[in-house]
Amino acid sequence: QQNVQQSPESLIVPEGARTSLNCTFSDSASQYFWWYRQHSGKAPKALMSIFSNGEKEEGRFTIHLNKASLHFSLHIRDSQPSDSALYLCAVSPDYGGSGNKLIFGTGTLLSVKP
Amino acid sequence: NAGVIQTPRHKVTGKGQEATLWCEPISGHSAVFWYRQTIVQGLEFLTYFRNQAPIDDSGMPKERFSAQMPNQSHSTLKIQSTQPQDSAVYLCASSFNTGQLYFGEGSKLTVL
């Protein structure tokens with residue numbers, strides 16, 4: 001049974017700071033790794049994903065994946081107040097039986113103060 | 001593209017009553033997912049359909065929860081004999097085989 005954990009649970013940073021969010025997973029056969037962002041009262045929306053070890057950058061956001069350590073992370077450069085939201089990491093198992101079902105962590109609540 | 005549409009947005013039921021939640025996926029998406037979100041448990045997988053067929057219901061509480069997808073344009077989640085612990089936001093999502101889920105804004109269920 002896949003177990004996905006996030007840290008920290010909550011985080012307050014000043015505007016312009018670099019923010020790092022962490023996610024660990026338990027199933028070494030996991031194939032696909034996602035970060036979603038959910039503003040208060042809104043639908044979760046995909047931010048970015050990664051499928052192989054290493055790093056991927058999109059604008060101010062960078063995702064790192066280390067499958068051997070069962071760990072991936074999201075880094076936000078020049079954090080903005082509009083980045084304040086619940087950040088959810090998610091893992092998809094091997095396609096063998098479950099298709100693209102995602103298992104989510106419990107989230108990190110980020111607050112960026114002007 | 002209207003996105004995933006969920007109705008009702010808010011539902012209040014008394015303990016023991018039935019609640020039915022509806023989801024209209026994005027047109028052309030082949031997979032529909034149901035999740036439940038609470039502060040304590042986070043976003044929990046319940047069940048999903050692919051091309052209207054049930055694929056995985058491993059997250060569904062077995063006795064009182066059921067889900068159906070009678071056609072490609074809507075899915076329902078039914079909770080019988082609702083209990084206070086069923087209070088949550090129920091989220092529906094659809095996907096077009098890219099792995100990315102597109103979520104609706106959810107149905108907030110409150111059981112008194």
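Look a little higher up for the structure.
Keep in mind that this is a model prediction, so the values were computed, not measured. (Residues numbered from 1 in each chain as written. Chains lettered and ligands numbered in written order. Predicted model: local features only at pLDDT ≥ 70, side-chain atom pairs only at ≥ 80, totals over all residues. Heavy atoms only, no water.)

Novice: Sorry if this is basic, but what is going on with the pattern of salt bridges here?
Specialist: Residues and elements named next belong to chain A. Applying the stated criterion across every chain yields a total of eight salt bridges over all chains. Of the charged contacts, one joins Lys56 and Glu58 as a salt bridge, the two residues approaching to 3.7 Å between their closest N and O atoms. You can call Lys56 partly exposed: its relative accessible area is 30%. Relative accessible area serves as the criterion here: at 36%, Glu58 is assigned to the partly exposed category. For the salt bridge of Arg60 with Asp83, the shortest nitrogen-to-oxygen distance reads 2.9 Å. (Salt bridge = Lys/Arg side-chain N within 4 Å of Asp/Glu carboxyl O. Buried < 20%, exposed > 50% of the residue type's maximum accessible area, 1.4 Å probe, protein only.)

Novice: Explanation requested: the sheet that holds strand E8 (residues 74–79) of chain B in the structure shown.
Specialist: Sheets are built from strands that pair by backbone hydrogen bonding, the pairs being arranged parallel or antiparallel. Residues and elements named next belong to chain B. The sheet built from four strands is open, its strands ordered E1-E3-E8-E7 with antiparallel pairing. The open sheet has two edge strands, strand E1 (5–7) and strand E7 (65–71), and neither has a second partner. Put simply, the sheet's adjacent strands are angled 20° from each other on average, direction ignored. Sheet topology places strand E3 (residues 19–24) next to E8; five bridges connect them, and they run antiparallel. Its bridge partner lying in E8, Leu21 is registered against Leu77. (Pairing = 2+ DSSP bridges. Helix = DSSP H or I, 4+ residues; strand = E, 2+ residues; numbered from the N terminus. Axes fitted to C-alpha atoms, helices over the stretch in contact; angles between N-to-C directions.)

Novice: Explanation requested: the layout of surface pockets in the structure shown.
Specialist: With a probe scaled to a water molecule rolled over the atoms, the places where space remains empty come into view. One number sums up the size of the largest pocket: a volume of about 800 Å³. Gln38(A), Leu86(A), Gln37(B), Thr38(B) and Ile39(B) are the residues nearest the centre of the largest pocket, which is lined by 32 residues in total. Looking at the lining of the largest pocket, the element that brings in the most residues is strand E11 (residues 107–111) of chain B, giving four residues. By residue class, the composition of the lining of the largest pocket is eleven nonpolar, 16 polar and five charged. By volume, the second largest pocket amounts to about 550 Å³. Considering the residues around the second largest pocket, the lining is formed by 23 residues, among which Gln1(A), Gln2(A), Ile103(A), Phe104(A) and Phe45(B) are closest to the centre. (1 Å grid on protein atoms, 1.4 Å probe; cavity = no way out; pocket = protein on both sides within 12 Å on 5 of 7 lines; lining within 4 Å. Points joined across faces, edges and corners; volume = space filled by probe spheres on them. Nonpolar A, V, L, I, M, F, W, Y, C, P; charged D, E, K, R; others polar.)

Novice: Teacher, can you tell me more about the interface of chain B and chain A here?
Specialist: Often the size quoted for an interface is simply the accessible area lost on bringing the parts together. Opposite the 24 residues of chain B that make contact, chain A presents 20 residues. Roughly 1,600 Å² of surface becomes buried between chain B and chain A when both sides are summed, with 52% attributable to carbon and sulfur atoms. Counting the surface chain B buries against chain A, the share from its top three residues, Leu43(B), Phe103(B) and Glu105(B), is 28%. Where chain B meets chain A, there are one salt bridge. Between Asp56(B) and Lys101(A) there is a salt bridge; the shortest N-O distance is 2.9 Å. (Contact = heavy atoms within 4.5 Å. Buried area = accessible area lost by both parts, 1.4 Å probe.)

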